[in-house]
Amino acid sequence: MGIYIEIKKIKTENCLHYYQVIPHDFKEIIPFNICIDSKNNLLHLFKAKDETQKSTINLKNYLDTNIDWLPIELVARILARVIEAVKKQEFPEYISHCS
């Protein structure tokens, strides 16, 4: 059985790329937003829609990442897609994961 994580662009502002993450195969997780800060190599994950509760991952030192409100299997797949986008400096409408 495959895993599909939809990662759809919301907007881009000043090197900040906002996406909505819809983890279709992680039923217990509701959709949430992320922000890729391509200038500072950071990934912000927002637990709440109002973006007040966030976790930040340094994309240059992400091996010890622990986001207590998300399964590591989901975080790893999101990180893989985000790191690829940052390396290429390409932020398309979708950076979804399918395996």
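Whatever comes next refers back to the structure up there.
Bear in mind the structure is a predicted one, so any value in this text is a computation, not a measurement.

Cut-off values and rules
Residues numbered from 1 in each chain as written. Predicted model: local features only at pLDDT ≥ 70, side-chain atom pairs only at ≥ 80, totals over all residues. Heavy atoms only, no water. Helix = DSSP H or I, 4+ residues; strand = E, 2+ residues; numbered from the N terminus. Contact = heavy atoms within 4.5 Å. Expected span 1.5 Å × (residues − 1). Buried < 20%, exposed > 50% of the residue type's maximum accessible area, 1.4 Å probe, protein only. Arc of directions from axis to C-beta. Polar contact = N/O pair within 3.5 Å; in protein donor to acceptor, adjacent residues only side chain to side chain.

Participant: Explain the environment of Val86 to me, and be specific about the residues and the numbers.
Facilitator: As for its placement among the helices and strands, Val86 is situated in helix 1 (residues 72–88). In this view, Val86 contacts Ile36, Asn41, Leu59 and Phe91; residues no more than four positions away in its chain are not counted.

Participant: Hey, could you go over helix 1 for me, with residue numbers and the actual values?
Facilitator: In a regular helix each residue adds 1.5 Å, so 17 residues correspond to 24 Å; helix 1 covers 24 Å between its end C-alpha atoms and thus fits that length. Those residues of helix 1 that sit buried are Leu74, Val75, Ile78, Leu79, Val82, Ile83, Ala85 and Val86. Around the axis of helix 1, the buried residues are gathered within 160° of arc, so they sit on the same side. The secondary structure elements touched by the buried residues of helix 1 are strand 1 (4–13), strand 2 (16–22), strand 3 (32–37), strand 4 (42–46) and strand 5 (54–58).

Participant: Can you tell me about the side chain of His97, naming the residues and giving the values?
Facilitator: For His97, the location among the structural elements is in strand 6 (residues 97–98). Looking at His97, its side chain comes within polar contact range of the side chain of Ser99, at 3.3 Å.

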